[in-house]
Amino acid sequence: MKLIEDPLTLSRLLKKARARGQKIALVPTMGALHEGHLSLVNKARSLADILVVSIFVNPAQFGPKEDLKKYPRNLRKDLAALKPFGPLFVFNPRPQDLYKKDHETWVEVEKLSQPLCGKSRPGHFRGVATVVAKLFNIVQPDLAVFGEKDYQQLQIIKKMARDLNFPIEVISCPTVREYDGLALSSRNSYLNKDERRSATILYRTLNQAKELIKKRKDAKKLQGELLDFIHLQEPKAKVEYLELLDPLTLEPKKDLKGKVLAALAVWIGKTRLIDNLTISK
Ligand code: AMP
């Protein structure tokens, strides 16, 4: 395993691998690695000769009142978790390596960044798209792997790669969950015991959506029923959004025909959790 901070050093090393005809895969992460991240690493490993895992808590995707400072960081533990995957590059740049003081170029996927998390986190997806574009340029991978857990992010990156002609295949992996359905997330570490129990409300609601969708026709009505379900089951949970959308355009569904993306963001105490499920009727 090779730990690299400097973008240029990594680019140079990878240039050699590319010249040898080796296939390169990239897995971007913010560290605090869990089994969800490792499932992406596993997928990438199986598809390429050279594996690059980036660990970078990207300041550009955090709002001024968000958890940038307290976001969990543990590089030593992350390196240990990556060890079983054999030789790989861990790219761990410092913020100043990616954002110079006079940085002023941003990537924005305009329409897809607006709904869902885009509403409450202005600038978040601009930060995500920009850092992923940077990673794509530094690593120039053949493929990059992302999780369906962050569904909107995945769609935005696919669109960005297409719109900006990145010759990179964007591959997705299903959400890895705990035994009780809670999607693994680095932010789960913020939850106390009670909150951890309440946090299953996201998965319970998605399952409820899956059940009810079979019998319902009107999306607005179903949305209302699901909100009632949450209020009844977990009165302390605060729903930021619960939407039934077209999985490709992320536009709200009117009827419930075809595939439906159920997506929600819920505050459990001071922790904001997101989850989603694509449902075919
Ligand atoms: P993050 O470190 O949160 O930026 O996540 C890095 C990558 O891991 C993203 O592509 C996420 O979608 C993915 N990821 C996070 N949690 C999970 C999970 N529970 N299952 C699968 N992928 C995940």
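This section reports on the structure supplied with the text.

Parameters at a glance
- Residues numbered from 1 in each chain as written.
- Predicted model: local features only at pLDDT ≥ 70, side-chain atom pairs only at ≥ 80, totals over all residues.
- Heavy atoms only, no water.
- Phe/Tyr/Trp six-rings, centres within 6.5 Å; stacked < 30°, edge-to-face > 60°.
- Helix = DSSP H or I, 4+ residues; strand = E, 2+ residues; numbered from the N terminus.
- Near = heavy atom within 4 Å.
- Polar contact = N/O pair within 3.5 Å; in protein donor to acceptor, adjacent residues only side chain to side chain.
- Areas by Shrake-Rupley, 256 points an atom, 1.4 Å probe, with all protein chains shown as cover.
- Disulfide = S-S within 2.5 Å.
- 1 Å grid on protein atoms, 1.4 Å probe; cavity = no way out; pocket = protein on both sides within 12 Å on 5 of 7 lines; lining within 4 Å.
- Points joined across faces, edges and corners; volume = space filled by probe spheres on them.
- Nonpolar A, V, L, I, M, F, W, Y, C, P; charged D, E, K, R; others polar.
- Core = buried A, V, L, I, M, F, W, Y, C linked by side-chain atoms within 4.5 Å.
- Buried < 20%, exposed > 50% of the residue type's maximum accessible area, 1.4 Å probe, protein only.
- Contact = heavy atoms within 4.5 Å.
- Pairing = 2+ DSSP bridges.
- Axes fitted to C-alpha atoms, helices over the stretch in contact; angles between N-to-C directions.
- Expected span 1.5 Å × (residues − 1).
- Parallel < 35°, antiparallel > 145°, perpendicular 65-115°, else oblique.
- Left-handed = near helix turned anticlockwise from the far one by under 90°.

### Digging into the packing of aromatic side chains
Ring pairs (aromatic) are described by centroid distance and by the angle formed between their planes.
Okay, so step 1: This structure, assessed with the given rule, holds four aromatic pairs.
Okay, so step 2: For the pair Phe56 and Tyr99, a centre-to-centre distance of 6.4 Å together with 25° between the ring planes defines the contact as stacked. One end of the pair, Phe56, is in the loop between β3 (50-55) and α3 (75-82); the other, Tyr99, is in the loop between α4 (95-98) and α5 (117-120), with 43 residues separating them in the sequence.
Okay, so step 3: Look at Tyr99 and Trp106: their rings are 6.2 Å apart centre to centre, the planes differ by 25°, and that puts the pair in the stacked class.
Okay, so step 4: Through a chain of ring-to-ring contacts, three or more aromatic side chains come together here, namely Phe56, Tyr99 and Trp106.

### Here we look at the site of the ligand
Okay, so step 1: Taken together, the neighbourhood of the ligand is formed by 17 residues, with His37, Gly147, Asp150, Val176 and Leu184 sitting nearest.
Okay, so step 2: For the ligand, an oxygen atom lies 2.8 Å from a polar atom in the backbone of Gly147.
Okay, so step 3: Here Asp150 contributes a side-chain N or O atom positioned 2.6 Å from an oxygen atom of the ligand.
Okay, so step 4: Notes on the ligand: free accessible area 490 Å², of which the protein chains cover 92%.
Okay, so step 5: Among the secondary structure elements, those contributing two or more residues to the shell around the ligand are β2 (24-29), α2 (35-47) and β5 (143-147).
Okay, so step 6: Looking at the shell around the ligand, the element that brings in the most residues is α2, giving three residues.

### Some remarks on the state of the cysteines
Okay, so step 1: Per the stated rule, a full pass over the model turns up zero disulfides.
Okay, so step 2: The structure places no disulfide on Cys117, whose sulfur is separated from the nearest cysteine sulfur, that of Cys173, by 20 Å.

### Section: the layout of surface pockets
Okay, so step 1: Of the volumes computed, that of the second largest pocket is approximately 360 Å³.
Okay, so step 2: Lining the second largest pocket are 19 residues, with Val109, Lys111, Leu112, Lys159 and Leu248 sitting closest to its centre.
Okay, so step 3: Grouping the constituent residues of the lining of the second largest pocket by class yields nine nonpolar, two polar and eight charged.

### So, the nonpolar core
Okay, so step 1: By size, the foremost hydrophobic cluster in this structure holds 46 residues, and its most contacted members are Leu10, Val52, Phe136 and Met160.
Okay, so step 2: Contact partners of Leu10, with chain neighbours within four places excluded, come to Ile4, Val52, Phe89, Phe91, Ile138 and Val139.
Okay, so step 3: In terms of nonpolar packing, the next biggest core, distinct from the first, is built from 25 residues, Leu242, Leu244, Ala262 and Ile279 among them.

### Considering the sheet that holds β2
For sheets, the rule is that strands pair by backbone hydrogen bonds, running either parallel or antiparallel.
Okay, so step 1: Strand order in this open sheet of six strands is β1-β4-β3-β2-β5-β6, and the pairing throughout is parallel. Where the open sheet ends on each side, the last strands, each with one partner, are β1 (2-4) and β6 (169-173). When the angles between neighbouring strand axes are averaged without regard to direction, this sheet yields 25°.
Okay, so step 2: Bridging between β2 and β5 involves two bridges; their strand directions are parallel. Across the sheet, the residue bridging to Ala25 is Leu143, located in β5.
Okay, so step 3: Together, β1, β2, β3 and β4 (89-91) form the strand contacts of helix α1 (residues 7-19), whose direction differs from that of β4 by roughly 150°.
Okay, so step 4: Where helix α6 (residues 124-139) meets the sheet, its contacts fall on β2, β3, β4 and β5, and the angle it forms with β2 comes to roughly 150°.

### Structural notes on unusual backbone geometry
Okay, so step 1: Of note in this structure, Ala32 is not a glycine but carries a positive phi near 50°.
Okay, so step 2: Here Ala32 is to be found in the loop between β2 and α2.
Okay, so step 3: Although it is not a glycine, Leu250 adopts a positive phi angle of roughly 60°.
Okay, so step 4: Looking at the secondary structure, you find Leu250 in the loop between β7 (238-245) and β8 (259-268).

### As for α2
Okay, so step 1: Spanning 13 residues, α2 covers 18 Å between terminal C-alpha atoms, matching the ideal 18 Å at 1.5 Å per step.
Okay, so step 2: Considering only its buried residues, α2 is in contact with β2, β3, α3, β5 and β6.

### Examining the packing of α6 against helix α7 (residues 151-163)
For any two helices packed against each other, the geometry comes down to the angle between their axes and how far apart the axes lie.
Okay, so step 1: One way to put it is that α6 packs onto α7 with a least axis distance of 10 Å and a crossing angle of 50°. Between α6 and α7, the crossing angle belongs to the class labelled oblique. Crossing of α6 over α7 shows right-handed handedness. Side by side, α6 and α7 meet where Phe125, Val128, Ala129, Val132, Ala133 and Phe136 of the first sit next to Gln152, Gln153, Ile156, Ile157, Met160 and Ala161 of the second.

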